[in-house]
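Below are the chains, spelled out letter by letter.
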Amino acid sequence: RLALTDDEMVAHIKTFLVAGAETTSNVLTWTLRELATQPQIHENIRKEVLQFLEQTDGRWPENLAELKQLKWCEATVREALRMYSPVSDLSVTRTP
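This structure is a prediction, so every number in the text was calculated from the model and none was measured.

S.K.: Hey, could you run me through the layout of surface pockets in this one?
M.R.: A water-sized probe rolled over the atoms picks out the places where empty space is left. Approximately 200 Å³ is the volume attributed to the largest pocket. Lining the largest pocket are Trp60, Leu64, Leu67, Lys68, Leu70, Cys73, Glu74, Val77 and Arg78. Mapped by element, the contributors of at least two residues to the lining of the largest pocket are helix 3 (64–67) and helix 4 (71–83). With four residues, helix 4 is the single largest residue contributor to the lining of the largest pocket. For the lining of the largest pocket, the class distribution of residues is six nonpolar, no polar and three charged.

S.K.: Looking at this structure, how should I read the packing of helix 2 (residues 39–55) against helix 4?
M.R.: Helix-helix packing is characterised by the crossing angle of the two axes and by the distance between the axes. For the pair helix 2 and helix 4, interaxial distance at closest approach is 8 Å and the crossing angle is 140 degrees. In terms of orientation, helix 2 lies oblique with respect to helix 4. In contact with Ile41, Asn44, Ile45, Glu48 and Val49 of helix 2, helix 4 contributes Lys71, Trp72, Cys73 and Thr76. Broken down by class, the residue content of the contact of helix 2 with helix 4 amounts to five nonpolar, two polar and two charged.

S.K.: Would you explain the pattern of salt bridges in this entry?
M.R.: Per the stated rule, a full pass over the model turns up seven salt bridges. Here Arg46 ties to Glu43 by a salt bridge, and the two come within 3.3 Å at their closest N and O atoms. Taken together, the positions of Arg46 and Glu43, both in helix 2 and three residues apart, correspond to about one turn of that helix. Its salt-bridge partner being Arg82, residue Glu79 comes within 2.6 Å of it at the nearest N-O pair. Taken together, the residues Glu79 and Arg82, both in helix 4 and three residues apart, mark about one turn of the helix.

S.K.: Can you help me understand unusual backbone geometry in this one?
M.R.: A negative phi angle characterises most non-glycine residues, just as the trans form characterises most peptide bonds. Residue Asp57 is not a glycine yet carries a positive backbone phi of 55 degrees. Positionally, Asp57 belongs in the loop between helix 2 and helix 3. With relative accessibility at 76%, the residue Asp57 sits in the exposed group.

S.K.: What is the right way to look at the packing of aromatic side chains in this model?
M.R.: Two aromatic rings, taken as a pair, are described by how far apart their centres are and by the angle between their planes. The full count for this structure, using the stated rule, is one aromatic pair. Relative to Tyr84, the ring of Trp30 lies with its centre 4.0 Å away and its plane at 10 degrees, an arrangement referred to as stacked. Of the two residues, Trp30 sits in helix 1 (residues 6–37) while Tyr84 sits in the segment after helix 4, which places them 54 residues apart along the sequence.

What counts, and at which threshold
- For every chain, the first residue of the written sequence is number 1, and numbering continues from 1 onward in sequence order.
- Residue-level local features of this predicted model are given only where pLDDT is at least 70; pairs of side-chain atoms are given and counted only at 80 or more, and the full residue set underlies all totals for whole chains, interfaces and linings.
- Derived side-chain values reflect all non-hydrogen atoms in the structure, with water molecules and hydrogen atoms excluded from consideration.
- Throughout, the protein atoms alone are placed on a 1 Å grid, and a set of points is a cavity if a 1.4 Å probe fits but cannot get out or a pocket if it is open with protein on both sides within 12 Å along at least five of seven lines; lining residues have an atom within 4 Å of a point.
- Grid points are joined across faces, edges and corners, and a volume is the space filled by probe spheres set on the points.
- Numbering of helices and strands runs from the N terminus; a helix is a DSSP stretch of H or I covering at least four residues, while a strand is a stretch of E covering at least two.
- Three categories are distinguished: nonpolar for Ala, Val, Leu, Ile, Met, Phe, Trp, Tyr, Cys and Pro, charged for Asp, Glu, Lys and Arg, and polar for the others, with Gly belonging to the last.
- Angles run from 0 to 180 degrees between N-to-C directions of axes, and those axes are lines fitted to C-alpha atoms, restricted for helices to the stretch in contact.
- Between 65 and 115 degrees an angle is taken as roughly perpendicular, under 35 as roughly parallel, over 145 as roughly antiparallel, and anywhere else as oblique.
- Should any heavy atoms of two residues lie within 4.5 Å, those residues are considered in contact.
- Salt bridges are counted wherever a side-chain nitrogen of Lys or Arg sits within 4 Å of a carboxyl oxygen of Asp or Glu.
- Three exposure classes are used, based on accessible area relative to the maximum for each residue type with a 1.4 Å probe and protein chains only: buried under 20%, partly exposed in between, and exposed over 50%.
- Stacked, edge-to-face and tilted labels apply to pairs of Phe, Tyr and Trp rings (six-membered ring for Trp) whose centres lie within 6.5 Å, assigned for plane angles under 30 degrees, over 60, and everything in between, in that order.

Quick look at the structure:
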């Protein structure tokens, strides 16, 4: 049997939603902690966001390309993911 029943599908969806919310919450928590303890990084991000808002007449990023312009923001979140991985128990098998 390859197909899931409706009940199995709903159970899997619930698991994905809960797991996704928890990992996102953890990443945001650690990122905010780093910003609170690293005032220079916090200031760099603040300047970057204010500059973006000035260039776009106060409009927030509307797509991934615009969001990627915020280099300090992206780097800070990536560093938090590296330092405090929300999925640290995964084992990785490298192949040649």
